[in-house]
Amino acid sequence: MGKHVFGVDVGGTSIKMGLFDESGSILDKWEIETRSADGGKEILPDIADAIIEALGRDDIARSDVEGIGVGVPGPALSDGTVPLCVNLGWRESVDVAKELERLTGIKTKVGNDANVAALGEAWKGAGAGVKNAVMVTLGTGVGGGIIIDGRIVHGVHGAGGEIGHINVNPDELIPCNCGRKGCLEQYASATGIARLTRDRLSKDDKASSLRNITITDITAKDLFDAFKAGDELAVEVGEQFGEILGRALANISNTVDPEMIVIGGGVSNAGDVLIPLIRKYFEKYTFASVATTMIRLATLGNDAGIYGCARLVLD
């Protein structure tokens, strides 16, 4: 029997789990609840129990498991320690690798969730075969990951790839969730796009189909639906979003010069309309020799994390 690996993507409400063979083919996947009460003390035992149950269900010996890869929604150090992860109730350092190895007897590696999603897309998704890639995840917030020579850039503090907190507007008055002001997340996330739209609607009385929606209910999807329909005001907001994100990605690419940029997260469901918007401004602001960098939409969806976690082990 060939070797197997487990990919475990830990989210705030659910934990996605996958069993893979050593070639990266997924054999099984399932989810369990994230029990973050009481300081998240049940999370790692729950993961261990689910893995042990899967071994019995699929009749796999522990000796045939290469390892467990885990992604967490917070900084992760190269030794498998997570200094802090508020979304999981971990307000003190947790040695995830050591504890899971104790509970399961299986070698464990740990990474930040956005970083491992980037690794998954570079391995089996939009960037399959690419060794140098940047992924930006546009969801409720903005996450990211940088892959160089097939490996995650973790950084000394586990904060490598925190693309969402690049400062794109030093004159911003409203703080980001991180406490700083002017972060990319405030403009390019789903909530940020909705905010840009509300701000534009409040600026004047220009006609727009978006005015048929209660202003506090407007979403990024509403904006891009109107954009696709040719709504002039929506096009203005779309261009504003494209310039902010395109410029930020240009600055990242001028620094690391990736083969590909992958756009994922819920906002990417807007589809191919995003790529021209971003590329227009990416090419405007990037160094000339970097301007041809490929920009693609992610393809693995919610499975990117478990693929990337598996890849952590097989690296």
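See the structure shown above.
What you see is a predicted model, and the numbers here were worked out from it, not measured in a lab.

Undergrad: Go over the packing of helix α7 (residues 220–228) against helix α8 (residues 232–256) with me, naming the residues and quoting the values.
TA: The interhelical angle for the contact between α7 and α8, taken along N-to-C directions, is 115°, at an axis separation of 8 Å. Handedness of the crossing formed by α7 with α8: left-handed. Taken together, the residues of α8 that come into contact with α7 (itself represented by Leu223, Phe224, Ala226 and Phe227) are Ala234, Val235, Val237, Gly238 and Phe241. Taken together, the residues that form the contact of α7 with α8 break down as eight nonpolar, one polar and no charged.

Undergrad: An account of the pairing of strand β1 (residues 4–10) is requested, with residue identities and associated values reported.
TA: The buried fraction of β1 amounts to seven of the seven residues, a majority that puts the element mostly inside the structure. Across seven bridges, β1 lies against strand β2 (residues 14–21) in antiparallel orientation. Among the inter-strand pairings, histidine 4 is bridged to a residue of β2, identified as aspartate 21. Sheet topology note: the β1/strand β4 (residues 65–72) ladder contains six bridges and is parallel. From the neighbouring strand, valine 8 faces β4, where its bridge partner is valine 70.

Undergrad: Please set out the environment of arginine 296 residue by residue, giving values where relevant.
TA: Take arginine 296: it is sitting in strand β12 (residues 294–297). Residue classification places arginine 296 among the partly exposed residues on the basis of a relative accessible area of 38%. Sequence separation of arginine 296 and lysine 228 is 68 residues, and the distance between their C-alpha atoms is 19 Å. Here the side chain of arginine 296 touches alanine 126 through a polar contact of 3.4 Å, landing on its backbone oxygen.

Undergrad: Break down the nonpolar core for me, citing the residues and quoting the values.
TA: Leu138, Leu184, Phe224, Phe241, Leu249 and Ile263 are the most contacted members of the largest nonpolar core, which has 43 residues in total. At 10 residues, α8 tops the list of elements feeding residues into this core. Once residues lying within four places of it in the same chain are set aside, the contact partners of leucine 184 are Val142, Ile163, Gly164, Ile166, Val168, Ser189, Ile244, Leu245 and Ala248. Grouped together as the second largest cluster of nonpolar side chains are 32 residues, Trp30, Ala50, Ile51 and Cys85 included.

Undergrad: Residues and numbers for unusual backbone geometry, please.
TA: The backbone of aspartate 149 sits at a positive phi, close to 55°, despite the residue not being glycine. For aspartate 149, the position within the fold is in the loop between β9 (142–148) and β10 (151–152).

Undergrad: Summarise the packing of aromatic side chains; cite the residues concerned and give the values.
TA: The tally for this structure, following the rule as stated, stands at four aromatic pairs. Look at phenylalanine 20 and tyrosine 307: their rings are 5.0 Å apart centre to centre, the planes differ by 70°, and that puts the pair in the edge-to-face class. Taken together, the residues span a long stretch of sequence, with phenylalanine 20 in strand β2 and tyrosine 307 in helix α10 (residues 304–314) at a distance of 287 residues. Under the relative-accessibility criterion, phenylalanine 20 is labelled buried at 0%. With centroids separated by 5.7 Å and ring planes inclined at 80°, the aromatic side chains of phenylalanine 224 and phenylalanine 241 adopt a geometry described as edge-to-face. You can see phenylalanine 224 sitting in helix α7 and its partner phenylalanine 241 sitting in helix α8, a full 17 residues away along the chain. Grouping residues by exposure puts phenylalanine 224 and phenylalanine 241 together as buried. Every member of this aromatic cluster is reached through a ring pair, and the members are Phe20, Trp123 and Tyr307. A cation sits over an aromatic face here: arginine 57 above tryptophan 30, 5.0 Å from the ring centre. Positioned over the ring face of tryptophan 123 is lysine 124, at 5.3 Å from the centre of the ring.

Parameters and conventions
- Residues numbered from 1 in each chain as written.
- Predicted model: local features only at pLDDT ≥ 70, side-chain atom pairs only at ≥ 80, totals over all residues.
- Heavy atoms only, no water.
- Axes fitted to C-alpha atoms, helices over the stretch in contact; angles between N-to-C directions.
- Helix = DSSP H or I, 4+ residues; strand = E, 2+ residues; numbered from the N terminus.
- Left-handed = near helix turned anticlockwise from the far one by under 90°.
- Contact = heavy atoms within 4.5 Å.
- Nonpolar A, V, L, I, M, F, W, Y, C, P; charged D, E, K, R; others polar.
- Buried < 20%, exposed > 50% of the residue type's maximum accessible area, 1.4 Å probe, protein only.
- Pairing = 2+ DSSP bridges.
- Polar contact = N/O pair within 3.5 Å; in protein donor to acceptor, adjacent residues only side chain to side chain.
- Core = buried A, V, L, I, M, F, W, Y, C linked by side-chain atoms within 4.5 Å.
- Phe/Tyr/Trp six-rings, centres within 6.5 Å; stacked < 30°, edge-to-face > 60°.
- Lys NZ or Arg CZ within 6 Å of the ring centre and 35° of its normal.

Keep in mind that these numbers describe shape and distance, not what the molecule does.
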